[in-house]
Amino acid sequence: MTPAPPEPPNPPTRPPAPQPLADGACAIALHGERIDLLPERAAWWPAARTLFVADAHLGKAAVFRARGLPVPEATTGATLAQLGALIARCGAHEVVFLGDLLHARESHHPAVLTALRDLRTRTAQVRMRLVRGNHDSHAGNPPDALDIEVVDEPLLLGPWAACHHPETDPARLGAPPCWQGIGTPWFICTARGATAFGCPASCSSRDGWCCRLSAPSLAVTPSAHAPMCAATPWARGVCGRCRAQRLSASRPPGAATAFAEIPAKLCAGAALHLRMTRKLWRPALAALALGAVLAGCAALNERQRAWIFQPSDRAWGHSAGMAEGMQAQWIDYTSHITGQPVRLHALWHAADPQTPGCGPVLLYLHGARWDVRGSASRIRRMQALGFSVLAIDYRGFGQTSRELPSEAMAVEDARAAWDWLARQHPQAPRFIFGHSLGGGIAVALAEQVQDQRGLILEGTFTSIRDVAGTMKWGWLPVGPLITQRFDSARRIGRVGSPVLVVHGAEDRLIQPELGRRLFDAAAEPKAFVLVEGGSHHSTNAVGQEQYRAALPRLFGAQCFAATVATS
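Cut-off values and rules
- Residues numbered from 1 in each chain as written.
- Predicted model: local features only at pLDDT ≥ 70, side-chain atom pairs only at ≥ 80, totals over all residues.
- Heavy atoms only, no water.
- Helix = DSSP H or I, 4+ residues; strand = E, 2+ residues; numbered from the N terminus.
- Core = buried A, V, L, I, M, F, W, Y, C linked by side-chain atoms within 4.5 Å.
- Buried < 20%, exposed > 50% of the residue type's maximum accessible area, 1.4 Å probe, protein only.
- Contact = heavy atoms within 4.5 Å.
- Polar contact = N/O pair within 3.5 Å; in protein donor to acceptor, adjacent residues only side chain to side chain.
- Salt bridge = Lys/Arg side-chain N within 4 Å of Asp/Glu carboxyl O.
- Pairing = 2+ DSSP bridges.
- Axes fitted to C-alpha atoms, helices over the stretch in contact; angles between N-to-C directions.

Even after reading the chapter, I still don't get unusual backbone geometry, so can you show me in this structure?
Trans is the prevailing form of peptide bonds, just as negative phi is the prevailing case for residues other than glycine. Going from Glu153 to Pro154, the amide bond is cis rather than trans, its omega being 0°. Structurally, Pro154 is set in the loop between β7 (148–151) and β8 (155–157). Along the chain, Glu524 connects to Pro525 via a cis peptide bond; the corresponding omega equals -5°. With a phi angle near 50°, His57 is a residue other than glycine that sits in the positive phi range. Residue position: His57 is located in the loop between β4 (50–53) and α1 (60–66).

Looking at this model, I keep getting lost on the nonpolar core. Mind explaining?
Most often, soluble globular proteins have nonpolar side chains that are buried together. Counting 50 residues, the largest nonpolar core has Leu363, Leu365, Leu390, Ile432, Ile441, Leu455 and Leu457 as the members making the most contacts within it. Apart from residues no more than four positions distant in its own chain, Leu363 is found in contact with Leu390, Ile392, Ala414, Ala417, Trp418, Leu421, Phe431, Ile432, Phe433 and Leu445. Grouped together as the second largest cluster of nonpolar side chains are 28 residues, Ala25, Leu38, Leu83 and Leu116 included.

Explanation requested: helix α8 (residues 376–384) in the structure shown.
A turn of α-helix holds 3.6 residues, and therefore any two residues three or four places apart point the same way. For α8, the set of buried residues is Ala376, Arg378, Ile379, Arg381, Met382 and Gln383. Just downstream of α8, Gly386 is the residue with a positive phi angle, here 115°.

Would you mind going over the side chain of His103 with me for this structure?
Here His103 shows up in the loop between β5 (94–97) and α3 (110–122). For His103, a relative accessible area of 11% puts it in the buried group. Of the polar contacts made by the side chain of His103, one reaches the side chain of His57; its length is 2.9 Å. Look past the residues within four positions of His103 in its chain and what remains in contact with it is His57, Leu58, Gly59, Lys60, Val63, His135 and Ala139.

In this structure, what is going on with the pattern of salt bridges? I would like to understand it.
For side chains bearing opposite charge, pairing can occur when the charged atoms are close. For the structure shown, the criterion picks out 21 salt bridges. One salt bridge in this structure joins Asp147 and Arg120, with 3.7 Å as the shortest N-O distance. Residue Asp147 is located in the loop between α4 (134–139) and β7, and its partner Arg120 is located in helix α3; the two are separated by 27 residues in the primary sequence. Asp147 sits in the partly exposed class, given a relative accessible area of 48%. Arg517 is the salt-bridge partner of Glu513, the closest N and O atoms lying 3.8 Å from each other.

I tried to follow the sheet that holds strand β23 (residues 454–458) on my own but got confused; where do I start?
In a beta sheet, neighbouring strands pair by backbone hydrogen bonds and run either parallel or antiparallel. In space, the eight strands of this open sheet follow the order β18-β19-β21-β20-β22-β23-β24-β25, with mixed pairing throughout. Of all strands in the sheet, those with a lone pairing partner are β18 (327–334) and β25 (526–531), marking the two edges. Here the strands of the sheet are splayed against their neighbours by 20° on average, with no regard to which way each runs. Strand direction decides the pairing type here: strand β24 (residues 499–504) and β25, joined by six bridges, are parallel. By the bridge assignment for β25, Val502 is matched with Val529. This element, helix α13 (residues 512–521), spans β23, β24 and β25 of the sheet and lies at about 170° to β25. Along the sheet face, helix α15 (residues 544–555) touches β22 (430–435), β23, β24 and β25 and points at about 160° away from the line of β24.

Any link to function would need more than the numbers given here.
Spelled out as structure tokens, the structure:
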């Protein structure tokens, strides 16, 4: 996709007037522009009179109620009232939504659309643009009558690239700084409370603002004050890329805000959210748990499948381009679970014919949320290690048959692909690879077939119940309600091949401890590789040399001669 041409940050017909900071706001200088970080979890760009908002998820409560789960009403109205007040207070000429404006198809409820229509009536002169996010692709565009332009990412605005999905290489967007709606940001400001993102150090001010630096390339150290001190709202750090000494700021006595200069080289991205208050969602969570029981096992099972798999026909970021040149394959079979015909879409990426070794083939099983193209870069790296790779989409993903996937159905799809590999490459040693949720599918398949040369797991877990236990609300007794268990810890001891478990030390989604526990449950021979600096998404890239060393040691040098030669 060719990005739209950059727009001038300051339209000449509407010159901005200097604006004082709002109470509780924080001003920063970023790439030569002033940005105000607002306590409502939005960002204000005074030069262009533009407001950035992300992940409003309007109609989320309506979605839950439509699916039989009792949650409080009027949440969308409260969110839009907050947004309307922000627009009026700032005198905004434009609002840019960084993805996920509507939560799901059920968000097109008359009450939700009426509330949106009322907001647009009051803000008719304000331009609104939505950078399409993953929820927007499922929910569909807002009605044309609302006059909200919908664009694909990146939307170039002056010096900014507005995105929803994380961009690890902002230079590819043609603009150093990237405003993004989700992912691990370079810095994040929240109002009254810590965020879900991990960070080595942080400081909080009296008014509840907290600034956190969080990125694999950023080494953060505490300021001269103790962490969580009341005097300094910013931490100091050093950018791991440009080695620039960063974040200098202190609160003058009696000042309402602090000002920090951040070098443009930091390529900062901000996560900006309008969310419901904690007071609203605490009873909502309790009601949700009760409603899940009352809604019945069938509805609960269906919702878990949707929440765990998040099936999609979209690729992550710019990964679709990485899939170009891979050969499409189609695998047809009849499901024993549903009795219906299934057509699996797969990508085949053959090894270089000149590569020495035994010509191993690899069945690649991806994780949740994105279709197989989202794993294209990881597929290419596994091919570079000597494998010919077959990567499939389960039902509900990409171009594969449109059904809501389940644990049993995904394992059945993987088994059909495994049988296809056996027919097409009967003499080649075959390996199973699973990343993230795909690791649970890979373990279940390896337990079934017992004819694989090896099992490779990256960034995966012991069970869904254990993953839930590591999260913020992990203390809730949800174990008996889980229908999609992915109990890999119970299964892996019955896998008859060598097992390689790889995990990133900085994985914040699936904690490294879960990877280690899965390794402990596996039978010998086995190996565990901890990749320092590797996140949930970057471990495969950061740990390439560790892969090169581990493969011949565990699975035999005769299959990975090229790997040995280049290590």
